[in-house]
Amino acid sequence: MSRRLPWGPMGRMAGRRLLFAAPVLLVVTFGVFAVAAASPFDPVKAYAGTAGLTASQENLDQLRVNLAVDQPLVHRWWNWLIHALGGDLGDSSVLRAPVSAVIGERIGWSSLLAVTAFAVAVLLGTSLGVLAARRPGGLLDRCAGSAAYVLEAAPAFWLGLLAIWFFAVTLGVLPAGGLTDAASDTVTFGQVASHLVLPAAVLGISQLPWFFLYVRQGVTDALAEDPVRGARARGLNERTVLLGHALRSGMLPMLTLIGSRVPELITGALLVETVFSWPGVAAATVQAATSVDFALLAALTVLATAAVLIGNLLSDLLYGLADPRVGFDG
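Residues numbered from 1 in each chain as written. Predicted model: local features only at pLDDT ≥ 70, side-chain atom pairs only at ≥ 80, totals over all residues. Heavy atoms only, no water.

Colleague: Kindly report on the packing of aromatic side chains, identifying the contributing residues and their values.
Modeller: Within this structure, the stated rule accounts for 7 aromatic pairs. Relative to Phe167, the ring of Phe166 has its centre 5.0 Å away and its plane inclined at 85 degrees; by these criteria the two rings are edge-to-face. Its relative accessible area of 35% is what places Phe166 among the partly exposed residues. For Phe167, a relative accessible area of 32% translates into the label partly exposed. (Phe/Tyr/Trp six-rings, centres within 6.5 Å; stacked < 30°, edge-to-face > 60°. Buried < 20%, exposed > 50% of the residue type's maximum accessible area, 1.4 Å probe, protein only.)

Colleague: Break down the packing of helix α5 (residues 99-134) against helix α11 (residues 262-276) for me, citing the residues and quoting the values.
Modeller: Packed helix pairs are specified by the crossing angle of their axes together with the interaxial distance, meaning the distance between the axes. For the pair α5 and α11, interaxial distance at closest approach is 10 Å and the crossing angle is 115 degrees. Crossing handedness for the pair α5 and α11: right-handed. Of the residues in α11, those touching α5 at Ser110, Leu113, Ala114 and Phe118 are Leu265, Ala269, Val272 and Glu273. Grouping the amino acids of the contact of α5 with α11 by side-chain chemistry returns 6 nonpolar, 1 polar and 1 charged. (Axes fitted to C-alpha atoms, helices over the stretch in contact; angles between N-to-C directions. Helix = DSSP H or I, 4+ residues; strand = E, 2+ residues; numbered from the N terminus. Left-handed = near helix turned anticlockwise from the far one by under 90°. Contact = heavy atoms within 4.5 Å. Nonpolar A, V, L, I, M, F, W, Y, C, P; charged D, E, K, R; others polar.)

Colleague: Please give an account of the environment of Leu179 that cites residues and values.
Modeller: Mapped onto the fold, Leu179 is located in the loop between α7 (156-170) and α8 (189-223). Accessibility expressed as a relative area gives 12% for Leu179, which makes it buried. Residues Leu179 and His195, spaced 16 residues apart in sequence, show a C-alpha to C-alpha distance of 5.8 Å. In contact with Leu179, other than residues within four places in its own chain, are Trp109, Val187, Gln191, Val192, His195, Trp278 and Pro279.

Colleague: Requested: an account of the pattern of salt bridges, with residues and values cited.
Modeller: Tallying each qualifying case throughout the model produces 2 salt bridges. The closest approach of N and O atoms between Arg106 and Glu105, which form a salt bridge, is 3.4 Å. Relative accessible area serves as the criterion here: at 19%, Arg106 is assigned to the buried category. For Glu105, a relative accessible area of 54% puts it in the exposed group. In this structure, Arg216 and Asp141 form a salt bridge, with 2.7 Å as the shortest nitrogen-oxygen distance. (Salt bridge = Lys/Arg side-chain N within 4 Å of Asp/Glu carboxyl O.)

Colleague: Got a sec to walk through α7? Specific residues and values, please.
Modeller: With 15 residues, α7 extends 20 Å from end C-alpha to end C-alpha; this agrees with the ideal 21 Å at 1.5 Å per step. A bend of about 25 degrees at Ile164 is the largest found in α7. Within α7 the residues assigned to the buried category are Ala156, Leu159, Gly160, Ala163, Ile164 and Ala168. If you follow the buried residues of α7, they end up packed against α6 (139-153), α8 and α11. One or two positions beyond α7, positive phi appears at Gly172, with a value near 65 degrees. (Expected span 1.5 Å × (residues − 1). Bend = angle between axes of the 7 residues up to and from the residue.)

Colleague: A description of the environment of Leu255 should follow, citing residues and the corresponding values.
Modeller: Relative to the assigned elements, Leu255 resides in helix α10 (residues 238-260). When the C-alpha atoms of Leu255 and Asn312 are compared, they prove to be 9.9 Å apart, with 57 residues separating the residues in sequence.

Colleague: Run through α6, naming residues and quoting values.
Modeller: Helix length check: α6, at 15 residues, gives a terminal C-alpha distance of 22 Å against a target of 21 Å (1.5 Å per residue), a fit within 8%. Asp141, Ala144, Gly145, Ala148 and Leu151 are the residues of α6 that are buried. Here the buried residues of α6 occupy an arc of 130 degrees about the axis, which is enough to place them on one side. Seen from the open side of α6, the exposed residues pointing more than 90 degrees away from its buried face are Leu139, Tyr149, Val150 and Ala153. Looking at the buried side of α6, the elements it contacts are α5, α7 and α8. (Arc of directions from axis to C-beta.)

Colleague: I'd love a proper account of the packing of α6 against α8, names of residues and values included.
Modeller: Running from N to C, α6 and α8 cross one another at 135 degrees; their axes reach a closest spacing of 8 Å. Judged by the angle between their axes, α6 and α8 are oblique. With respect to the hand of their crossing, α6 and α8 are arranged in left-handed fashion. Facing α6, whose interface residues are Asp141, Ala144, Gly145, Ala148, Tyr149, Leu151 and Glu152, α8 presents Ile205, Pro209, Trp210, Phe212, Leu213 and Arg216. A per-class count over the contact of α6 with α8 returns 9 nonpolar, 1 polar and 3 charged. (Parallel < 35°, antiparallel > 145°, perpendicular 65-115°, else oblique.)

Following this line, the structure appears as structure tokens:
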């Protein structure tokens, strides 16, 4: 008989997490406004640009009123929150467009990069971890383990610059950045795919060491457990023992990584997007931070925080499904 999915406990866990997420998001958004208010950057001068250098103080003060940055911190935050709950995220002062439009134009490309890179990290890290666990101390284990520890300490932007130098400049086999070729005015699947290879590979490889190390350790420990030794004693072939018994048990610790790696994935994606001129949310984030664009900063921070909370929930749900002993009510 097939095992029934515990929809009730899963729903209760998701409900508890949603209740917990609400105050977290409130605190995060208020923190964004507080940090932005304490920033040395002046949103009025950033909005005015070069015209602000010759503008009179009266004009600058009027612009400050128009942008509503003359109001107290709590008032600005509360006003943004009320409008955001009604579906109005406000206008970006630096990009001169509605915040929803700014995010909508970029979030798809950022999601494509992050999902592709995450798939690369999980699939490649799991495969290498399983192969290394088969022969602990072997050549593959030593080489892959050493590379993983080196990659743990390597910043994503450094890996990106190295990849551009080698694959784009030296070999000339892949584009150095952007979404399409410089001479093209249309977006095609082939161009996007070729331009996605380097940034997705760099971001994926920067996340790979943790998946590799967790899987290798988990499968190595599982191979020494009594059920696996019993499977071998029953005459099952090594492939069945490894994939059917050891891998399932060894993958459990890795499931906890899904949630914990989301913040690192977001940070890495911002750096990689900047290095490769990928048209995601990175450029908007940098502009919003340096120009103290309250509305855009708050919306992007809420988006990143929500991604982290969803990642943690997904990690716990997958762990509960993979190991019924854990359950969902703890």
